[in-house]
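Spelled out, the chains give:
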Amino acid sequence: MSLNEEENLELKPPRMNLFSVNKLEYAKGERPKVDCILCAVRDKNPLVDNLQIFESDLTIVSVNLYPYNPGHLIIFPKRHVTNITELTDEEALEIHKFTAKAVQIISKAWGAQGFNVGYNLGRNSGGSIAHVHQHVVPRFPNEVGFLDVFSNTRIVVYEPYKMKKELAQLWSSTDT
Ligand SMILES: [Zn+2]
């Protein structure tokens, strides 16, 4: 590549922001020594980071303890159940409502253009936590994995507690 071509590359693309997520310390290595990490979140166990953004009588909404995109939330029943077949109608409906609210908030706040929503159930599903939890994973048009190294891009590092703070504010100020 000639010098002229390099200059052109710098001028052409508009500056873009990419989001990256800073993992919590234990997401890189050993997990907290608790029987169930989501029951520990519910019980406000100090061994587990509290990333909860909202709770009702039945349900908790939290930034995922192991986020891989900004706004990656988990929504789960307070009861320790390990299969969606065990959810009551009330729990299932509330999880659905909170999922819809999360999608609405994250679309508006960060311009997410797609979402992966769902459960990993049972062994071999890729799930690592038995306690049933619905994932809400926002998808962005330019994610770090697809970064064009020649593009003029600034990587915005998202830290889980920053996500929690932003989302908790948005959650409480949004009516649905
Ligand atoms: Zn549990």
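**Structural notes on the overall build of the protein**
When helices and strands are counted, the protein shows 5 helices and 7 strands. The order of α-helices and β-strands along the protein, N terminus first, is α-β-α-α-β-β-β-α-β-β-β-α. Counting over 176 residues, the protein shows a buried share of 24%. Within the protein, contacts between residues separated by at least 24 positions form 67% of all contacts whose residues are at least 6 apart in sequence.

**Regarding the sheet that holds strand S5 (residues 114–119)**
Across the sheet, which stays open at both edges, the 5 strands sit in the order S2-S3-S4-S6-S5 with antiparallel pairing between neighbours. The strands lining the two open edges of the sheet, one partner per strand, are strand S2 (52–55) and S5. Neighbour-to-neighbour, the strand axes of the sheet open up by a mean angle of 15°, direction not taken into account. Note that S5 and strand S6 (residues 134–139) share 6 bridges and pair antiparallel. Bridge assignment links Asn 116 to a residue of S6, and that residue is Val 137. Helix H4 (residues 89–110) rests against strand S3 (59–63), strand S4 (73–77), S5 and S6 of the sheet, and its axis sits at about 15° to S6.

**Regarding unusual backbone geometry**
Of note in the backbone geometry, Lys 44 takes a positive phi value of approximately 55° without being a glycine. Relative to the helices and strands, Lys 44 resides in the loop between helix H3 (37–42) and S2. On the neighbour-count criterion, Lys 44 (9 C-beta atoms within 10 Å) is exposed.

The rules behind the values
Residues numbered from 1 in each chain as written. Predicted model: local features only at pLDDT ≥ 70, side-chain atom pairs only at ≥ 80, totals over all residues. Helix = DSSP H or I, 4+ residues; strand = E, 2+ residues; numbered from the N terminus. Buried ≥ 20, exposed ≤ 12 C-beta atoms within 10 Å, placed from the backbone. Contact = placed C-beta atoms within 7 Å. Pairing = 2+ DSSP bridges. Axes fitted to C-alpha atoms, helices over the stretch in contact; angles between N-to-C directions.

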